[in-house]
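Take a look at the letters that make up each chain.
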Amino acid sequence: MRYLNQLEPDALIAQFAEHPPIGFSVMEAAGTPAFVAPFDLLTTADAVVRAKVTRAPGYGWWGRWLRWRTTFVGTTVSEYALFPGDAQPASLAKALRDVLGRRTRLMIIKDIPQSSPLFDAATSEWCRQFADACAVQGFVLLEGQALAYVPIDFASEDEYLGRLSSGRRKDIRRKLRKREDVVVEAVRCGDPTFADDAVVDAYYALYENVYAQSEIHFDKLSRAFFAAVLRDGSHGGVAFVYRHEGQMIGWNLCFVVDGKLIDKYVGFAYPQAREQNLYFTSWFHNLAYAREQGLTHYVAGWTDPEIKSYLGAHFTLTRHAIYLRNPVLRMLARRLGKFFESDSQWATHDKA
């Protein structure tokens, strides 16, 4: 049975349990996926707050006290928290607090949807009731991350670009000229080419490039995870491979599930990917693929909301429900929570 809020194929969720991110311990609680991992409390802080804290005298020494072993409800391979389809909101909120609330100093139910356009009204109502039930159980509710998506309600690239400002259209079209020098190949997961360890090594090396240049490091997926996913043909994944002058300079792993194109992982070779404006090329390639396949949405993930907004994405926010074992810290979290909601701006960002 698929979980409530699940956008991804079942096989991807299974691989998270089989090959968790490095340093993570995976478990299940009250029928819900969960994990324990080290967590920097500044991860979701406002950029200004994070800069002030990290520049404070002695941060290199005392900053380690801001990195806690934390229990999370959810996964890092799903866009949303995953809940049993037959669970009652109030009962599940209490069960999660009772089972996991004392395990570590901090517990986070991550990425609870807020009226997501990617689900029906009944699912949105269930999630609203669940968030309310978490508050009753002593959780602190914070605005979560902004999930980028694009409704596929346009007939052509020109129509899509026509919705953006003239300055933005001009800039994007200029950047897209580079795609004439790039060859794109769709390679299905399970293809015999992935049986070669050297191929998996090459994909993983480009993933590590992207991970290394990210501002925030949380979950680093293992080579074993990618090998398992790329070699599994059951989930319908497809890797769009980008080559320039015969060399692989990037790849983008996506899944088609329930009429949506779910964009999951990328790998880039630097500086070639930047020189070829590969982010722009891959964005418009995915939109074209979704349109050609008759899909309803392109789901583009959590990272880089600024550039995704520039490219025309819409955003839907989540909520995190956090539970601190110490009641004094719980009270403090209620006062300081606004400083940890840095993605809220994107929900109402003007894309004109």
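About the cut-offs
Residues numbered from 1 in each chain as written. Predicted model: local features only at pLDDT ≥ 70, side-chain atom pairs only at ≥ 80, totals over all residues. Heavy atoms only, no water. Pairing = 2+ DSSP bridges. Helix = DSSP H or I, 4+ residues; strand = E, 2+ residues; numbered from the N terminus. Axes fitted to C-alpha atoms, helices over the stretch in contact; angles between N-to-C directions. Contact = heavy atoms within 4.5 Å. Buried < 20%, exposed > 50% of the residue type's maximum accessible area, 1.4 Å probe, protein only. Salt bridge = Lys/Arg side-chain N within 4 Å of Asp/Glu carboxyl O. Parallel < 35°, antiparallel > 145°, perpendicular 65-115°, else oblique. Nonpolar A, V, L, I, M, F, W, Y, C, P; charged D, E, K, R; others polar. Phe/Tyr/Trp six-rings, centres within 6.5 Å; stacked < 30°, edge-to-face > 60°.

A. Inspection of the sheet that holds strand S5 (residues 140-151) at higher detail. Spatially, S1-S2-S3-S4-S11-S5-S10-S9-S8-S7-S6 is the arrangement adopted by the eleven strands of the open sheet, whose pairing is mixed. Strand pairing shows two members of the sheet lacking a second neighbour, strand S1 (25-29) and strand S6 (182-188), which therefore form its edges. If you compare each strand with its neighbour and ignore which way they point, the axes differ by 30° on average. Here helix H5 (residues 121-136) sits on the sheet and contacts strand S4 (106-113), S5 and strand S11 (314-324); the angle it forms with S4, its principal contact strand, is near 160°. Where helix H9 (residues 223-230) meets the sheet, its contacts fall on strand S8 (247-257) and strand S9 (260-268), and the angle it forms with S8 comes to roughly 65°.

B. Layout of the environment of Ser165. Mapped onto the fold, Ser165 is located in the loop between helix H6 (157-161) and helix H7 (166-176). On the basis of relative accessibility, which here comes to 27%, the residue Ser165 falls in the partly exposed class. Separated by 145 residues in sequence, Ser165 and Tyr310 have C-alpha atoms that sit 9.9 Å apart.

C. Summary view of the pattern of salt bridges. Per the counting criterion, the structure on display carries 19 salt bridges. Notably, a salt bridge pairs Glu157 with Arg179, separated by 2.8 Å at the nearest N-O pair. You can see Glu157 sitting in helix H6 and its partner Arg179 sitting in the loop between H7 and S6, a full 22 residues away along the chain. Overall, Glu157 belongs to the partly exposed group, its relative accessible area being 22%. Here Arg179 falls in the partly exposed class, since its relative accessible area comes to 32%.

D. Looking closely at the pairing of strand S7 (residues 237-244). S7 sits mainly inside the fold: seven of its eight residues count as buried. Taken together, the eight bridges between S7 and S8 define a ladder with antiparallel strand orientation. Among the inter-strand pairings, His244 is bridged to a residue of S8, identified as Gln247. Hairpin connection of S7 to S8: two residues between the antiparallel strands, including Glu245 at a positive phi of 55°.

E. Spotlight on the packing of H7 against helix H11 (residues 278-292). One way to put it is that H7 packs onto H11 with a least axis distance of 9 Å and a crossing angle of 100°. When the interaxial angle is binned, H7 and H11 end up roughly perpendicular. Residues Ile172, Lys175 and Leu176 of H7 form the contact with H11, whose own contacting residues are Phe280, Thr281 and Phe284. Of the residues assigned to the contact of H7 with H11, the class counts are four nonpolar, one polar and one charged.

F. Focus on the packing of aromatic side chains. The final tally for this structure, using the stated rule, is 29 aromatic pairs. Ring centres of Tyr207 and Tyr211 lie 6.4 Å apart, and the angle between their planes is 35°; on these two criteria the pair is classed as tilted. Residue Tyr207 and its partner Tyr211 are both found in helix H8 (residues 197-213); the two are separated by four residues, about one turn of the helix. Its relative accessible area of 8% is what places Tyr207 among the buried residues. According to the relative accessible area criterion, Tyr211 is buried, its value standing at 18%. Note on Phe225 and Tyr265: the rings are 5.9 Å apart at their centroids and 85° apart in plane angle, and the pair reads as edge-to-face. Of this pair, Phe225 sits in helix H9 while Tyr265 is found in strand S9, placing the two residues 40 residues apart along the sequence. On the accessibility criterion, Phe225 (0% relative accessible area) is buried. Take Tyr265: its relative accessible area is 8%, and that puts it in the buried class. Taken together, the aromatic side chains of Phe194, Tyr203, Tyr204, Tyr207, Tyr211, Phe225, Phe226, Trp251 and Tyr265 make up a single cluster linked through ring pairs.

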